[in-house]
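Structure at a glance
Each chain is listed here by its residues.
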Amino acid sequence: MVSRVIPVDSFDLVLFGVTGDLARRKILPGLFHRFIVGQMPEDARVIGSARTDMDRAGFQNLVRTSLLEFAPETAKSNEALSAFLDRLDYVKVDATGDKGWSELVETLRPDVVRAFYLSVTPSLFGPIAANLSEHGIATPDSRIVVEKPFGRDLETSKALNAELRRCFDEHQIYRIDHYLGKETVQNLMALRFANSLWEPLWNSTHVDHVQITVSESLGVEGRGEYYNRSGAMRDMVQNHLVQLLCLTAMEPPSKLASNAVRDEKVKVIEALEPVPQSDIVRGQYRAVSGKDSYVEHAGDPNSLTESFIAMKINIGNWRWAGTPFYLRTGKKLRARSSEIAIVFRDPPHMIFPKMEGRRGNALIIRLQPDEGITLRTTIKEPGPGGMRLAEVTLDMTFAEALGEQAQAQDAYERLIMDVIRGDQTLFMRGDEVEAAWEWADPMIAGWEGAALRPAPYDAGSSGPEDALMLLHRDGRRWREIE
Ligand code: NAP
């Protein structure tokens, strides 16, 4: 299949925090890839900004080094690399100071899309937004892009939203959740709303339960200190997993427009029932050998922060009443794997002999690795000897089915191009973020107030035993993490 590149308008993208980890590892390689495939218009530019003192040549050197490290395949061509570096500029700015803003004014062009990507700590969102506004750098059509975390509870997320909205209108604010930029996540919408096959089955009459798993094999390592103030609930569930749940559970939007989609997602969040502590399992990994435990990484021997969480969520609406959604996510687990599994109910009357270990129909949407879709079906076991059943999977890995095109874009580059296009569909709206905190806050207060200690689990395992019990007691079981 031939990859199609849809042109975007010319732009000046200012990347604050350009010397940081995220910018060097994800954003710059993403932009470079868009440049290589020809999506960056002839005169589009990227203006890096941070406090580090360097001139344009020094900045180009930093970008060259980053691309060779994080995008080695694409950066092989010296010609492409040099052409990309020509599009770059650097302006030294301290977000909290007065210097540098007038240089930024002079660097930006008047008649192109202006996007400000804030790849900096959230405490700088307010000062940068205010400076962009006060110095007349932000125009009514400018876009501002911010990275999670969007607060650590309802109160702080409201304060953050208020800070941004003081200077930018909601239609200009792009809150990135890179999970939403993944090919499979968008395919979930195509799968549901472009096929007539699934929608009649997509409800509690036919779906027994849904499992959403985001499992990481790495621990918290270098991010230990930050993570210890956050934990799996704040870092993963409130945003990424809730977003996946929303896209799975939402009603069909009236049209493919950003607010129509986001309205439906907000309705799902508002329908999430409070989760009692008895339906939540929190865990913390311990070392199997050496000093590879969570507390060691976090530098806090008494830490009560969870590196794993599993929970059973009920959605109180007509479509999903009676169909639980089980969510789990954790670090230092057996494998890196993310998926959404829709597990269907058994036929009402079984005419075949009971099959040991039969799990029934399931549609599995794999986010990583090997993005794709698997349908688990039951067939007759081949061969003579009577009618016995066997389970087989109908498998589609996007990379195989769609070739290069499926691998063409990382989530970040797709999302950045959506910013330039002015398409907010895959970005979280302020009320969505706040609604998710409103749901999460009482749960967090429950375990923090009681100083509940997370259950230990071995690094490299599937999480704490109690997480298995969460499904066993309902007569269900998790899919293997593999
Ligand atoms: P980082 O490595 O600490 O980089 C921070 C950047 O901010 C640096 O370029 C730093 O450059 C700049 N900076 C710091 N203080 C500044 C100031 N007063 N004025 C102007 N620039 C300043 O952080 P990061 O890991 O890239 O993360 C950036 C944001 O993305 C954070 O909000 C983080 O939570 C979020 N995020 C990161 C990841 C990730 O994988 N890294 C993933 C998801 C979300 P100078 O020191 O030169 O000023």
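Not measured: the values here are computed from a predicted model.

**Quick look at empty space enclosed by the protein**
All told, the structure shown has one cavity of 30 Å³ or more when counted by the stated rule. Taken as a whole, the largest cavity holds about 50 Å³ of empty space. F150, Q238, N239, V242, Q243, M428, E432, V433 and A436 are the residues that line the largest cavity. Of all elements in the fold, only α9 (231–249) and α15 (430–449) reach the threshold of two or more residues within the lining of the largest cavity. The biggest single contributor to the lining of the largest cavity is α9, with four residues. Across the lining of the largest cavity, the residue classes tally to five nonpolar, three polar and one charged.

**Notes on the UniProt feature "binding site: NADP(+)" (unreviewed entry) in the protein chain**
The feature "binding site: NADP(+)" (unreviewed entry), as annotated in UniProt, sits at R51 and K148 in this numbering. Ignoring anything within four residues of it in the chain, the contact list for R51 reads Y90, K92, V93 and D94. As for its placement among the helices and strands, K148 is situated in the loop between β5 (143–147) and α6 (154–167). Once residues within four sequence positions are removed from consideration, K148 is found in contact with I176, D235, N239 and H240. Polar side-chain contacts of K148 include one of 2.8 Å to the backbone oxygen of D235.

**Description of the site of the ligand**
Around the ligand, 21 residues are found, and the nearest of them are T19, D21, R25, R51 and T52. Take R51: an N or O atom from its side chain is 2.7 Å from an oxygen atom of the ligand. A distance of 2.4 Å is found between an oxygen atom of the ligand and a side-chain nitrogen or oxygen belonging to T52. Starting from 890 Å² of accessible surface for the ligand in isolation, the protein chains cover 74%. Counting residues per element, the shell around the ligand draws most heavily on helix α1 (residues 21–36), at three residues. Split by residue class, the shell around the ligand holds nine nonpolar, six polar and six charged.

Parameters at a glance
Residues numbered from 1 in each chain as written. Predicted model: local features only at pLDDT ≥ 70, side-chain atom pairs only at ≥ 80, totals over all residues. Heavy atoms only, no water. 1 Å grid on protein atoms, 1.4 Å probe; cavity = no way out; pocket = protein on both sides within 12 Å on 5 of 7 lines; lining within 4 Å. Points joined across faces, edges and corners; volume = space filled by probe spheres on them. Helix = DSSP H or I, 4+ residues; strand = E, 2+ residues; numbered from the N terminus. Nonpolar A, V, L, I, M, F, W, Y, C, P; charged D, E, K, R; others polar. UniProt positions renumbered as here; feature names shortened; annotations may be inferred. Contact = heavy atoms within 4.5 Å. Polar contact = N/O pair within 3.5 Å; in protein donor to acceptor, adjacent residues only side chain to side chain. Near = heavy atom within 4 Å. Areas by Shrake-Rupley, 256 points an atom, 1.4 Å probe, with all protein chains shown as cover.

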